[in-house]
Structure formats: C-alpha cells, structure tokens
Amino acid sequence: MFKSAGLVARYDKEKALQLTKEIATHLNSKGIKVFMEDSLADKIEIPIETVPLKEMKTDFIITIGGDGTILRTCLNSPKPEPPILGINMGARGFLTEVEPDDACNAIDRILKDNFRIEKCTKLSAKIDDETLPDALNDVVISAGEPSKILYTEICKDGKSILKCQADGLIVATQTGATGYSLSAGGPVLDKMMDAILVTPICSLTVFRSIVFPSEAEITLNVIRPKMMCIMIDGNYHHMKSEKELTVKITKSKNVSSFIRFENDFYDKLRGRLLFQGPR
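Just so we're clear, the structure is a prediction, and the values are computed from it rather than from any experiment.

1. Quick look at the pattern of salt bridges
- Tallied over the full model, the rule gives 13 salt bridges.
- Here E118 and K191 are joined by a salt bridge, their closest N and O atoms 3.3 Å apart. In this pair, E118 is assigned in strand β6 (residues 116–127) and K191 in the loop between α4 (180–183) and β12 (195–201), connecting sequence segments 73 residues apart.
- With a relative accessible area of 13%, E118 lands in the buried category.
- Judged by its relative accessible area of 29%, K191 is partly exposed.
- Overlapping salt bridges bring together E97, E118, K191 and R260 as one network.

As structure tokens, this is what we get:
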C-alpha cells in the first residue's frame, strides 16, 4: 500500500499547476502524505512539504506535464526510482498514462492496488572514467555547433562496426525509439524488444539505424572535431574537448518504473504519435 506521493509538474502551464493543487488535495483526503517539488513552492499556494526532486524518496511520483516532465523526473529522482504515474498535460504525452480528467480516478485505482508496473530499460554512459546520468530515452552526441559534421567510429563490444559522417548520433532504448530517434528516421521497436538502437542524424554516409542487443557495449570514438556535445534525455548537456573523445554506452543497472492500467502500446502509438495533430 502506498503511503506517500511526490508531485512534479511543468512550470509554464497554469492548468498543470491548478491540477497539481487538486491532486494534492485529493491525496490528502485519502490519507496519503504528499511532497511537492520545491521549485513549485512559489507557484502553488498550498500547505504541503516541499523537497528537491533529487530527495523525493516517496512511494510513487505523479507527474503533471508531458514527456519532458517525465524525462526530467527520471533523470533527477533518487535511485532506485519510485514508480511514476504520468498525467498528460503535454503536446504528445507518449510516456504518460492518463488524461487530466481521469487523474483522481487513476489515483483511486492505485490506492485499491488496481494497476501494474512497467519497467523500462535505461542506458549508462561514460566519457573516459566519468559516469553520466542514466538515460531513459537516449544519449545524443554532436559536434556542438550547427551544421558541423561529426566523424565517428561505432564499435560493438570493442570491435569496429563502421565509421559515420553525420550531424550526430542517437543511442536510444526501446522507450526512446519513439522519440528523437523516430524523428531522425529510426524504427519503432516493439515493447517486448529490449535493445539498443543507434540512429544517425542527417548522415552523409549510407547508414540509417542499427539495432544492437541490450547486453552489448557500444563505443563511440569521435575522430573529429576534437569537441563534442553529449545530451541525455534532452535535459542534461555536457561539452567535452579532448584529443581523444570516447563514449561508452551500456545497459544500466537502474530502470524507470511506470504505473500502467489497460493502455496498449500500439493503441498509444497510433493515437499519440502516428496520427496526432496539433492541439
């Protein structure tokens, strides 16, 4: 039985902030101890304890926003990560589970133990001996300047696979296959496929995507330029300038967990990605 909940919301949407307040009131009425991300303290006037996201050690977390809010939460929340219920207040909300009108009903279902947990693979990235935050969606490398080509050697388990000339490379999980990688022309991976996907961004060579087994170690050796930008889940950015630039990516020991009800992967794919129009 869950006894505590954390609330994380997008800052730029008044409806998201109002819904956060309503959810907090509903959780309190159910006897659940509620903690709110401290960055919301001056935006929502409600007597609730606030904590930094990095210290939100609750039984579960409710995100009120889109996929970006979820990715930020997974990047910064304590490990092991609490399960997340995503409420869609974004443009796509592919990672979210319920719409705003169903938020309180979804919470009631959770408190009645009427849900399932979906665990999603994450990626661990290292530059030399420096370990970076885990990625739920993707690790992206580029030259750090617009229209500057990145010359990269891609290796699997220490063996060179190919050399690539592109604006950058996206290394994605099955979850991330429906994100930036898909926009760059990569394939969708079935929910049952635990794999690592490498997709080039605007490749000059004849190279689309490669699907590697999830247990593989992917090494990206940057040949030139001698400067690289690495981005994780669109939230973490890191510039690196060295004579030898190498990024090693493996399956992480950590996972992200999501509270799910009845939604089907392909129903969500059709409804929120393939045929979605502007809001």
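Don't stop here, the text continues.
2. Some remarks on the layout of surface pockets
- Roughly 230 Å³ of volume is contained in the largest pocket.
- Contributing to the lining of the largest pocket are 17 residues, with D67, G68, R92, F94 and G179 lying nearest its centre.
- Among the elements of the structure, α2 (67–76) and α4 are those that each provide at least two residues to the lining of the largest pocket.
- Top contributing element to the lining of the largest pocket by residue count: α2, with three residues.
- A breakdown of the residues in the lining of the largest pocket according to their chemical character gives six nonpolar, eight polar and three charged.

3. Points about a negative patch on the surface
- A cluster of acidic side chains, namely D128, D129, E242 and E244, defines a negative patch on the protein surface.
- Mapped onto the fold, E244 is located in the loop between β16 (236–241) and β17 (245–260).
- Using a relative accessible area of 66% as the deciding quantity, one classes E244 as exposed.

4. Some points on the nonpolar core
- Counting residues in each nonpolar core, the largest one holds 31 residues, and the members touching the most others are I23, L27, I62, I64 and L85.
- Ranked by residue count, the leading element in this core is helix α1 (residues 14–29), at six residues.
- The contacts of I62, once residues within four sequence positions are left out, are G6, L7, V8, I23, L27, L85, I87 and I107.
- In terms of nonpolar packing, the next biggest core, distinct from the first, is built from 29 residues, A143, C164, A166 and L220 among them.

5. Quick notes on the environment of A9
- Following the sequence through the fold, A9 ends up in strand β1 (residues 4–9).
- As for A9 and S160, which are separated by 151 residues in sequence, their C-alpha atoms are 43 Å apart.
- With residues up to four places along the chain from it excluded, the contact list for A9 reads T20, E37, L40, I64, T69 and R72.

Calculation criteria
- By convention here, each chain's residues receive numbers from 1 onward along its written sequence.
- Local features in this predicted model are restricted to residues of pLDDT 70 or higher, and side-chain atom pairs are both shown and tallied only at a pLDDT of 80 or more, whereas totals for entire chains, interfaces and linings draw on every residue.
- As a rule here, side-chain values come from all non-hydrogen atoms in the structure, and water together with hydrogens is ignored.
- Definition used for salt bridges: Asp or Glu carboxyl oxygen within 4 Å of a side-chain nitrogen of Lys or Arg.
- Helix and strand definitions follow DSSP, with helices as H or I runs of at least four residues and strands as E runs of at least two, each counted in order from the N terminus.
- Note on classification: 1.4 Å probe, protein chains only; a residue is buried when its accessible area is under 20% of the maximum for its type, exposed when over 50%, partly exposed between these limits.
- Points on a 1 Å grid over protein atoms alone make up a cavity when a 1.4 Å probe fits among them but cannot get out, and a pocket when they form an open set with protein on both sides within 12 Å along at least five of seven lines; lining residues each have an atom within 4 Å of a point.
- Grid points are joined across faces, edges and corners, and a volume is the space filled by probe spheres set on the points.
- In this classification, Asp, Glu, Lys and Arg are treated as charged, Ala, Val, Leu, Ile, Met, Phe, Trp, Tyr, Cys and Pro as nonpolar, and every other residue, Gly included, as polar.
- Patch criteria: residues need more than 30% relative accessible area and no salt bridge. Like-charged residues are merged within 9 Å; nonpolar side chains of Val, Leu, Ile, Met, Phe, Trp and Tyr are merged within 5 Å.
- We get accessible surface area from the Shrake-Rupley algorithm with a probe of 1.4 Å; when it comes to residues, only the shown protein chains can shield them.
- Just so you know, the count uses Lys and Arg for positive and Asp and Glu for negative, and it drops His and the chain ends.
- By convention, charge coordinates are those of NZ in Lys, CZ in Arg, CG in Asp, or CD in Glu.
- Only buried residues count toward a nonpolar core, which is a set of Ala, Val, Leu, Ile, Met, Phe, Trp, Tyr and Cys residues joined through side-chain atoms within 4.5 Å.
- A contact between two residues is defined here by any heavy atoms of the two lying within 4.5 Å.

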